[in-house]
Amino acid sequence: MRDRLMAAEKVKAIDWRDGTLYLLDQRALPSTQVWLACSDAAAVAEAIRTMAVRGAPAIGISAAYGLALAIRQRLAVGGDWEMALEEDFELLVHARPTGANLFWALNRMRERLLRLKEGDDVLAIMEAEAMAIHDSDREANLTMAQLGVDLIRKHQGNEQAVLTHGNAGALATGGFGTALGVVRAAYLEGMIERVYVDETRPWLQGSRLSAWELAAEGIPATVTADSAAAHLMKTKGITWVIVGADRITANGDVASKIGTYQLAVNAMHHGVRFMVVAPSSSIDMNLESGEDILLEERGASELLAFAGQSPDAPLEAFNPVFDVTPADLIDVIITEKGIVERPDTVKMAQLMCRKRLH
């Protein structure tokens, strides 16, 4: 099955070539494909902050490459380059606050830096580490897709309708996708008949990005308003809600795209199973519960402006980017380390003690 999944990969959002990081500008999709060339940490941090690149795994990968770019610049200048590098680290780590993968990737880069020995080719080693982070995320996606298909097959038969929210596909990761990776794999196995895609206001990651990815692969997809989700579950035979995650805490609470929490509440009411798909790098065992997660809020204009128009009257807006879905509303969390059904603190700790599945 893995070979079939690899052959099905058609979308790429991150490309490292000749010492430059190229990012597919997701603000321009689906009408235009624009690649941003980032040659320093500041450009990478700006791409993350302005959502040119988004999705927790993709942000983490981009930040790792951003630090590799910073190392090249600091080495060229000379002097105490490691001390100077702290400025670049801080710039990247503060680009966005909620997703765990950003901090995980930068800490992994820092740890590799601390293991360097005298005479090592610093730049080559650190570029290789960033590439390894990228490759490992893609491999994790493929493993999670296989696990997700096995679970869907176990609980229900073929030709199911599923609902997804936001974008947790190839655009949000190093390759195949997390939630959409499972959807893609299940479709290839003939187990999904149709995917319903929430538009995902205000950035429309569902209607602009997820629907675009699915259409590129010929997967039947229907875009719906966020507010139609409960009606869909009641009338369209939805069997699974499948979403990604930006941070998962030690008790299994999940921070994900705003609107995910209400999907979970509706899913429980309608007897629809709720699946979260995310790499273990999204799990933060240092946070006890979702109450400890710093949830990003963005400017009012993102919410109030539509089609280039803003309301004449001055209005206030509450524009949170993420919400927290409590663990007791989640049927299953899938990572490359394995599956946790009905997550809690004990089960999450057991998961994190496992080695990666192959």
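The chain has the name Methylthioribose-1-phosphate isomerase in an unreviewed UniProt entry, where Pseudomonas tructae is given as its organism.

By convention, interface size is frequently given as the accessible area that disappears when the constituent parts associate. Splitting the chain by domain gives domain 1 (1–136) and domain 2 (147–352). Using C-alpha coordinates to define each centre, domain 1 is positioned 24 Å away from domain 2. Among the residues domain 1 hides against domain 2, the three largest losses belong to V11, R54 and T98. Together they make up 21% of the total. Along the contact surface separating domain 1 from domain 2 lie 14 residue pairs in polar contact (both at pLDDT 80 or more). Looking at the side of domain 1 that touches domain 2, the elements with two or more residues in it are helix 1 (2–7), helix 3 (56–77) and helix 5 (100–114).

When you line up the elements, D284 lands in strand 11 (residues 283–284). We classify D284 as buried; its relative accessible area is 12%. Apart from the residues lying within four places of it in its own chain, the contact partners of D284 are R247, I248, T249 and A250. Here the side chain of D284 touches N286 through a polar contact of 3.0 Å, landing on its backbone nitrogen.

Attention now goes to the UniProt feature "active site" (unreviewed entry) in the chain. As annotated in UniProt, the feature "active site" (unreviewed entry) corresponds to D246 in the numbering used here. Here D246 lies in the loop between strand 7 (238–243) and strand 8 (247–249). When near neighbours in sequence (up to four residues on either side) are disregarded, D246 contacts A56, T98, G99, A100, N101, A255, S256, K257, S282 and F322.

Along helix 10 (residues 260–270), the positions that sit buried rather than exposed are T260, L263, A264 and A267. End-on, the buried residues of helix 10 take up no more than an arc of 100°, which puts them together on one face. Positive phi appears at G271, one or two residues downstream of helix 10, with a value of about 70°.

Cut-offs and rules
- Counting starts from 1 at the beginning of each chain's written sequence and moves along it residue by residue.
- With the structure being a predicted model, the display of local features is reserved for residues of pLDDT at least 70 and the display and counting of side-chain atom pairs for 80 or more, all residues being used for whole-chain, interface and lining totals.
- Values reported for side chains reflect all heavy atoms of the structure, with hydrogen atoms and water molecules removed beforehand.
- Source of the domain bounds: an automatic or database domain assignment.
- Summed over both partners, the accessible area (1.4 Å probe) lost when two parts come together is defined as the buried area.
- Any pair of nitrogen or oxygen atoms within 3.5 Å is treated as a polar contact; in protein, a donor-acceptor pairing is required on top of that, and neighbouring residues in sequence qualify only through side-chain atoms on both sides.
- Only DSSP runs of H or I reaching four residues or more are called helices, and only runs of E reaching two or more are called strands; each is numbered from the N terminus.
- Type-normalised accessible area, obtained with a 1.4 Å probe on protein chains alone, sets the label of each residue: buried when under 20%, exposed when over 50%, and partly exposed for intermediate values.
- Here, two residues are considered to be in contact whenever any of their heavy atoms come within 4.5 Å of each other.
- UniProt positions are given in the numbering used here, feature names are shortened, and annotations may be inferred rather than shown by experiment.
- The arc in question is the one traced by the directions running from the helix axis out to the C-beta atoms.

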